[in-house]
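Chain residues, written in single-letter form:
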Amino acid sequence: MIPKISLEQWAAFRAVVEEGSFTRAAEVLNKSQSTVSYGITKMEERLPSSVFVQQGRKAELTEFGKAMYRHATALLDQALLVDQAAEYLASGWESEVVLAVDGIVPMDRIFCGLQGFSEESPQTRIRVLETTLSGTEETLLRREADVVVCGSVPPGFLSENYGVVNKVPVASPSHPVFSLEAPITEAVLKQFRQVVVRDSGTKRERSSGWLGSEQRWTVSHFATSIEALKSGLGFAFIPREKIVKALADGDLREVPVNLGREQQVPLYIVASAQSHAGLATKAVIRHLLAAKRGR
């Protein structure tokens with residue numbers, strides 16, 4: 001179905017409202033006053049009610065006209081976004097970038113970079129996949145993501161360094177491990193339940209860090225494991241950046257182990273189609289790296 005009123009007519013209507021007169025609207029639109037007046041007249045003929053009422057020498061908006069002005073403004077703004085999107089696509093900017101982020105990565109670091117990207121390319125959608133271990137690598141190998149932030153890089157891919165995260169053993173202050181003499185040895189730690197985050201890959205063959213306890217509970221996300229730890233259900237190795245507040249508030253406490261108190265895990269940024277990455281994909285990587293350097 002074709003609209004009865006063209007975008008050009010709605011644009012003339014909005015200009016008349018915002019400029020306050022047909023004369024100034026014509027100047028803004030770079031048209032003659034008669035052209036603007038004719039367009040508004042034809043528009044009103046197609047509408048079920050008048051948008052203007054004459055008050056002396058000045059045309060005032062009717063209540064119907066005020067409602068139409070709001071709709072016209074939204075319509076014209078949306079049309080402008082469509083034009084901008086077309087320009088982005090024609091210039092090589094993708095309409096969407098898929099970003100896979102391993103669960104070990106601090107998300108505040110990611111969102112800081114994406115904020116900068118959104119200001120440069122507001123028309124490009126971002127889809128974030130939250131993955132773990134081999135599940136993150138699978139998004140690369142299967143080309144399910146354009147950009148991947150991970151803790152290890154499969155063979156055949158080039159990467160940019162994205163810093164490190166430090167995993168530390170923590171538990172609730174009420175956990176019985178803190179009633180023992182420090183430092184805690186590996187043999188002692190094995191006696192307690194460990195909470196681990198599962199591999200999100202389809203084969204789920206990968207593990208990360210120390211997995212010495214026979215008693216083990218497996219969850220899907222670090223956020224879940226942190227809540228389990230706060231409830232006193234076990235201990236776990238958690239990225240320090242994910243538990244800064246919990247440590248400061250006393251909800252969690254570092255377990256004083258004798259060895260391996262901090263496990264450093266390097267992080268990398270990888271583009272899945274490195275030689276064919278689009279402009280938006282390259283911009284996402286650039287902003288993520290800039291945010292990391294600015295920390």
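Description of the structure in this document.

A few points about the packing of aromatic side chains
Piece 1. Counting across every chain of the model gives four aromatic pairs.
Piece 2. On the numbers, 6.1 Å between centres and 55° between planes, the contact of Phe-22 with Phe-52 is tilted. Taken together, the residues span a long stretch of sequence, with Phe-22 in helix 2 (residues 22-29) and Phe-52 in strand 1 (residues 52-55) at a distance of 30 residues.
Piece 3. Assessed through its relative accessible area of 22%, Phe-22 is described here as partly exposed.
Piece 4. An aromatic cluster is built from Trp-10, Phe-13, Phe-22 and Phe-52, whose rings are joined through pairwise contacts.
Piece 5. If you follow Arg-109 out to its NZ or CZ, it ends over the ring of Tyr-162, 5.4 Å from the centre.

Brief notes about helix 3 (residues 33-46)
Piece 1. For helix 3, which comprises 14 residues, the first-to-last C-alpha distance of 20 Å matches the rise-based estimate of 20 Å (1.5 Å per residue) to within 8%.
Piece 2. Restricting attention to buried positions, one finds in helix 3 the residues Val-36, Gly-39, Ile-40 and Met-43. Along the axis of helix 3, the buried positions cluster into a sector of 95°, meaning they face one direction only. The outward face of helix 3, more than 90 degrees from its buried face, is lined by the exposed residues Ser-34, Tyr-38 and Glu-45.
Piece 3. Against helix 1 (7-19), helix 2 and strand 1 lie the buried residues of helix 3.

Notes on unusual backbone geometry
Backbone phi values are negative for most residues with the exception of glycine, while trans is the configuration of most peptide bonds.
Piece 1. Between Ala-182 and Pro-183 the backbone carries a cis peptide bond, its omega angle lying at 0°.
Piece 2. One can find Pro-183 in the loop between strand 6 (160-171) and helix 7 (186-189).
Piece 3. In the Ramachandran plot, Asn-30 falls in the positive-phi region, its phi being about 60° despite a non-glycine side chain.
Piece 4. With respect to the secondary-structure elements, Asn-30 resides in the loop between helix 2 and helix 3.
Piece 5. Under the relative-accessibility criterion, Asn-30 is labelled exposed at 71%.
Piece 6. Backbone geometry at Leu-133 places phi at a positive 55°, although glycine is not the residue there.
Piece 7. Residue placement: Leu-133 occurs in the loop between strand 4 (125-131) and helix 6 (134-141).

Rules behind the numbers
Residues numbered from 1 in each chain as written. Predicted model: local features only at pLDDT ≥ 70, side-chain atom pairs only at ≥ 80, totals over all residues. Heavy atoms only, no water. Phe/Tyr/Trp six-rings, centres within 6.5 Å; stacked < 30°, edge-to-face > 60°. Helix = DSSP H or I, 4+ residues; strand = E, 2+ residues; numbered from the N terminus. Buried < 20%, exposed > 50% of the residue type's maximum accessible area, 1.4 Å probe, protein only. Lys NZ or Arg CZ within 6 Å of the ring centre and 35° of its normal. Expected span 1.5 Å × (residues − 1). Arc of directions from axis to C-beta. Contact = heavy atoms within 4.5 Å.

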